[in-house]
Structures are given as C-alpha cells and as structure tokens.
Amino acid sequence: MTTFFAALHHGAVLTLLVCALVSIHQLRQPLTLAGARRLRTTDRVNGTAATLVLVVGLARVFYLEKGPAYYFGNGPFLAKLAFYGLASVLSLVPTVEVRRWRVALQNGQPPILSARKTRALRTVAYLQLACLAAMAACANISARGGDWPFFGP
C-alpha cells in the first residue's frame, strides 16, 4: 500500500510539473479559442493534481510513512509545505482568469488577454515551477533524515 500511495503522490507531482510547462507553452502563442480551452483544461487538471498531492501526501504522513511527529518536527518538510502553500496561492491567479473566460468560451469566442496579463500568467507558471523544484529538494533532504539547524530543536 505504501508503494502505491508513493507512486500516486509522485505521479500527481509530475502532473503539476507538466501543467506548468503546458501553460507556459500555451501562453507563448496567440490565444485562440482552442488554446483557451486547453488552458482551461490544464488549469482543471492542475487543481485536481494539487488536491491529490495534498490528500495523498497527508495520508502518507499520518498513516503510511514515518508518522506526523517525524514530519512536523522536520524543517525541510515544513519548508516543503510552505512551498506547496505558495504554489497553491499562485495557482489562484490563472484559475480566476480562466473562470472569467467562461461566457466567451460558451459563445465560441476566444477570450481577450492583454500582453501584460499573458506575461503575468506566464510568470506565475514559472514561479510554480520554482516552487516544485524547491519542494523536490526539501523532500529529498527530509526523506534522507536531514534537518536544518534553524528549524530543529
């Protein structure tokens, strides 16, 4: 069971990585109706994967791995949670924007997206990638039993 949950957790994290990369690629091209629909789908997949990362990760912490006492007393794990929180807050930016497109997409119209907004959405995707990289580094340190002196007892 532990292996299954670990694979599910890591698969969801990789899905977040793919969603960020797809968003960056889509936002480098002119926004068409099909492109806007793909971005909407990517945002939904991103939200589902992020939820899965959290739920499966917490199940692993509380029921399958070293236990909450280990993880919540471990600095790198707490930093990983902070990066997850930051990535989650950042993901609200594209989600809110994509939801604004609902009426236009239902009417078969591509949404109008300014160059400034496009750059902002791309920047958010790059920041999410940075959070994922930081989370991976923290997970590696935490899994190997490492800690940081300024987080420890």
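Cut-offs and rules
Residues numbered from 1 in each chain as written. Predicted model: local features only at pLDDT ≥ 70, side-chain atom pairs only at ≥ 80, totals over all residues. Heavy atoms only, no water. Helix = DSSP H or I, 4+ residues; strand = E, 2+ residues; numbered from the N terminus. Buried < 20%, exposed > 50% of the residue type's maximum accessible area, 1.4 Å probe, protein only. Contact = heavy atoms within 4.5 Å. Areas by Shrake-Rupley, 256 points an atom, 1.4 Å probe, with all protein chains shown as cover. Lys, Arg positive; Asp, Glu negative; His and termini not counted. Charge placed at Lys NZ, Arg CZ, Asp CG, Glu CD. Phe/Tyr/Trp six-rings, centres within 6.5 Å; stacked < 30°, edge-to-face > 60°. Patch = residues over 30% accessible without salt bridge, like charges linked within 9 Å, V, L, I, M, F, W, Y side chains within 5 Å. Salt bridge = Lys/Arg side-chain N within 4 Å of Asp/Glu carboxyl O. Expected span 1.5 Å × (residues − 1). Polar contact = N/O pair within 3.5 Å; in protein donor to acceptor, adjacent residues only side chain to side chain. Axes fitted to C-alpha atoms, helices over the stretch in contact; angles between N-to-C directions. Parallel < 35°, antiparallel > 145°, perpendicular 65-115°, else oblique. Left-handed = near helix turned anticlockwise from the far one by under 90°. Nonpolar A, V, L, I, M, F, W, Y, C, P; charged D, E, K, R; others polar.

## Topic: the overall build of the chain
The helix and strand inventory of the chain stands at six helices and zero strands. Reading the secondary structure of the chain in the N-to-C direction produces α-α-α-α-α-α. With the C-alpha coordinates of the chain rotated into their principal frame, the extents come out at 55 × 35 × 20 Å. Across the 153 residues that make up the chain, the buried fraction comes to 37%. Sequence separation of 24 or more characterises 78% of the internal contacts of the chain that already satisfy a separation of 6 or more. Total accessible area on the chain is roughly 8900 Å²; 67% of this is exposed by carbon and sulfur atoms. Positive and negative side-chain charges of the chain, numbering 16 and 4 respectively, have mean locations separated by a distance of 12 Å.

## Thoughts on the packing of aromatic side chains
Considering all chains together, one arrives at five aromatic pairs under this definition. When the ring of Tyr-70 is compared with that of Tyr-71, the centres are 5.1 Å apart and the planes differ by 85 degrees; the resulting orientation is edge-to-face. Ring geometry for Tyr-71 versus Phe-77: centroids 5.0 Å apart, planes at 55 degrees, classification tilted. Linked through ring pairs, Phe-62, Tyr-70, Tyr-71, Phe-72 and Phe-77 together constitute an aromatic cluster.

## Remarks on a nonpolar patch on the surface
Among the surface-exposed residues, Leu-54, Val-55, Leu-58, Phe-62, Tyr-63, Phe-72 and Leu-78 lie close enough to one another that they form a single nonpolar patch of about 660 Å² accessible area. For the nonpolar patch, the leading source of residues is helix H2 (residues 33–64), giving five residues. Here Tyr-63 shows up in helix H2.

## Thoughts on the pattern of salt bridges
All told, the structure shown has three salt bridges when counted by the stated rule. In this structure, Arg-100 and Glu-97 form a salt bridge, with 3.3 Å as the shortest nitrogen-oxygen distance. Remark: Glu-97 and Arg-100 occur in helix H4 (residues 75–100); sequence separation between them is three residues, near one turn of the helix. Judged by its relative accessible area of 57%, Arg-100 falls in the exposed class. Notably, a salt bridge pairs Glu-97 with Lys-117, separated by 3.5 Å at the nearest N-O pair. Taken together, the positions of Glu-97 in helix H4 and Lys-117 in helix H6 (residues 115–143) put the pair 20 residues apart, joining distant regions of the chain.

## Observations regarding H4
Counted at 1.5 Å a residue, the expected span for H4 with its 26 residues is 38 Å, and the 39 Å between its end C-alpha atoms agrees. For H4, the N-terminal cap is Asn-74; the gap from its side-chain oxygen to the backbone nitrogen of Phe-77 is 3.0 Å.

## Observations regarding the packing of helix H1 (residues 2–27) against H6
Running from N to C, H1 and H6 point in directions that differ by 155 degrees, and their axes come no closer than 9 Å. Relative to H6, H1 is oriented roughly antiparallel. Here the hand of the crossing between H1 and H6 comes out left-handed. Facing Val-13, Leu-16, Leu-17, Ala-20, Leu-21, Ser-23, Ile-24 and Leu-27 of H1, the residues of H6 in contact are Thr-118, Leu-121, Arg-122, Ala-125, Tyr-126, Leu-129 and Leu-132. Its residues assigned to classes, the contact of H1 with H6 comprises 12 nonpolar, two polar and one charged.

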